[in-house]
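# Reading the structure
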Amino acid sequence: MARELRRLLIAPERLAAAAGAGSGALALNLEQAEAHYLRRVLRLRPGDRFAVVDGAGRQWSAALHASDRAHLEQPLAMPLQAEPPPAVPLGLAVALPRRDADVLLRMVCELGIDRLVPLLAERSVDPEPLKPGRAETILREAVEQCERLWQPVLAPQLPAQALLGGPPPAGPGRGWVCTTRQRGTPLLGEALAALDPGAQEGTGALTPALTVAIGPEGGWTSREEALAREHGWQAVSLGDTILRCSTAAVSASALLSHWRAEWLASCGTCRRPCP
């Protein structure tokens, strides 16, 4: 069995610019961090092959050359692999923890979240900010490591009331707020099992994602929970124990990813739900 090529993510804009700069095999001038990754981390030598992904569903093979250059082995318009956008995108809105927001970002990317919305809730206490440059690096590295072809979208930080004060992005029945200590609250897994995803096919851009909202370490306020109910968000539970917000985010992401994998396994041939 052939060994999978290690991956390097290069933005579609850079690939398009390189393709427009000349004829023949597409030559890439590697940035310093990319060259360091290939040569020092992966220990590749001139002539060794690796995979290039663009974070927008496409993959090519490439060969490393001297002088920090690489060449694609296929035309840009003929990738080795092309994957449409997720049929049912997965969204996570989370009030960032005081520490380890970087770790949270990496883990939910690896679990398949397609859109991440950082929230600032009423009980958020000095949350660790996601610096744009650092956050993009984390997402890129996570995409390379877990071998997904679509890079998640990182939305700007929102006040929790701005999100919960409107309907779920994908409409009624497609948005959940994780809460605790409320009798009769269904488990998120149960809510997902009852979901009819509808006929959502990729169209070249992410359609509105199923969204799970995770509160801060101090929990949602009663005002935030009431606001969510008024606008069609459904309260769900992740179990009987009290979870840290980062643990809850990973748990919810795993449940979302598992649900989508099961749906695609049973109905993914035509990318529509079964009748």
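Residues numbered from 1 in each chain as written. Predicted model: local features only at pLDDT ≥ 70, side-chain atom pairs only at ≥ 80, totals over all residues. Heavy atoms only, no water.

## A look at the packing of aromatic side chains
As enumerated under the stated definition, the model contains one aromatic pair in all. Between Trp259 and Trp263, the aromatic rings sit 6.3 Å apart at their centres with planes inclined by 5°, giving stacked as the arrangement. Of this pair, Trp259 and Trp263 are both found in helix α8 (residues 245-267), four residues apart, which corresponds to roughly one turn of the helix. Given a relative accessible area of 10%, Trp259 falls into the buried group. (Phe/Tyr/Trp six-rings, centres within 6.5 Å; stacked < 30°, edge-to-face > 60°. Helix = DSSP H or I, 4+ residues; strand = E, 2+ residues; numbered from the N terminus. Buried < 20%, exposed > 50% of the residue type's maximum accessible area, 1.4 Å probe, protein only.)

## Thoughts on empty space enclosed by the protein
In this structure the tally under the stated criterion is two cavities of 30 Å³ or more. Around the largest cavity sit Val177, Thr179, Gln182, Glu225, Ala228, Arg229, Trp233, Gln234 and Ala235, which together line it. Breaking the lining of the largest cavity down by element, the ones donating at least two residues are α7 (222-230) and β13 (234-236). Ranked by the residues each element gives to the lining of the largest cavity, the list is headed by α7, at three residues. Looking at side-chain class alone, the lining of the largest cavity contains four nonpolar, three polar and two charged residues. Its volume calculated, the second largest cavity comes out at about 40 Å³. Around the second largest cavity sit Leu105, Val108, Cys109, Ile113, Leu116, Leu139, Pro152, Val153 and Leu154, which together line it. Of all the secondary structure elements, the ones that give two or more residues to the lining of the second largest cavity are α3 (101-110) and β9 (153-154). With three residues, the top contributor of residues to the lining of the second largest cavity is α3. By residue class, the composition of the lining of the second largest cavity is nine nonpolar, no polar and no charged. (1 Å grid on protein atoms, 1.4 Å probe; cavity = no way out; pocket = protein on both sides within 12 Å on 5 of 7 lines; lining within 4 Å. Points joined across faces, edges and corners; volume = space filled by probe spheres on them. Nonpolar A, V, L, I, M, F, W, Y, C, P; charged D, E, K, R; others polar.)

## Comments concerning the nonpolar core
The biggest cluster of nonpolar side chains holds 40 residues, and the ones touching the most others in it are Leu92, Val94, Trp176, Val212 and Ile214. Of all the secondary structure elements, the ones that give two or more residues to this core are β7 (90-95), α3, α4 (132-146), β11 (175-178), α6 (188-193), β12 (210-214) and α8. Here this core takes seven residues from α8, the largest share from any one element. The residues touching Val94, leaving out its near neighbours within four places in the chain, are Leu104, Leu116, Val117, Pro118, Leu119, Ile214 and Ala249. (Core = buried A, V, L, I, M, F, W, Y, C linked by side-chain atoms within 4.5 Å. Contact = heavy atoms within 4.5 Å.)

## Let's talk about α3
Of all the positions in α3, only Ala101, Leu104, Leu105, Val108 and Cys109 are classed as buried. The arc enclosing the buried residues of α3, seen along the axis, measures out at 125°, which places them on a common side. Residue Gly112 follows α3 closely and has a positive phi angle near 105°. (Arc of directions from axis to C-beta.)

## Side note on α7
Looking only at α7, the buried set comprises Glu224, Glu225, Leu227 and Ala228. For α7, the angular spread of the buried residues around the axis is 160°, confining them to a single face. Along α7, exposed side chains directed more than 90 degrees from the buried face belong to Ser222, Arg223, Arg229 and Glu230. Against the buried residues of α7 lie α5 (160-164) and β11. Note on α7: the residue one or two positions beyond its end, Gly232, has a positive phi of about 95°.

## What to know about the side chain of Gln74
Here Gln74 is to be found in the loop between β5 (69-72) and β6 (81-82). Exposure remark for Gln74: the relative accessible area of 16% places this residue in the buried category. Within the structure, the side chain of Gln74 is placed 2.7 Å from the side chain of Ser61, a separation counted as a polar contact. Filtering out sequence-adjacent residues up to four positions away, Gln74 remains in contact with Trp60, Ser61 and Leu80. (Polar contact = N/O pair within 3.5 Å; in protein donor to acceptor, adjacent residues only side chain to side chain.)

## What about the side chain of Ser237?
By the element assignment, Ser237 lies in the loop between β13 and α8. With residues up to four places along the chain from it excluded, the contact list for Ser237 reads Thr179, Thr185, Pro186, Leu187 and Leu188.

## A word on the pattern of salt bridges
On inspection of all chains with the given rule, the structure shows 12 salt bridges. A salt bridge links Glu31 to Arg14, with the nearest nitrogen and oxygen atoms 3.6 Å apart. With a gap of 17 residues between them, Glu31 in the loop between β2 (27-29) and α2 (32-41) and Arg14 in helix α1 (residues 12-19) connect regions that are remote in the sequence. Looking at Glu31, the relative accessible area reads 43%, which means it is partly exposed. Classification of Arg14 by relative accessible area gives partly exposed; the value is 25%. The partner of Arg106 in a salt bridge is Glu141, with the nearest N and O atoms 3.7 Å apart. (Salt bridge = Lys/Arg side-chain N within 4 Å of Asp/Glu carboxyl O.)

None of the figures reported here should be taken as evidence of function without further support.
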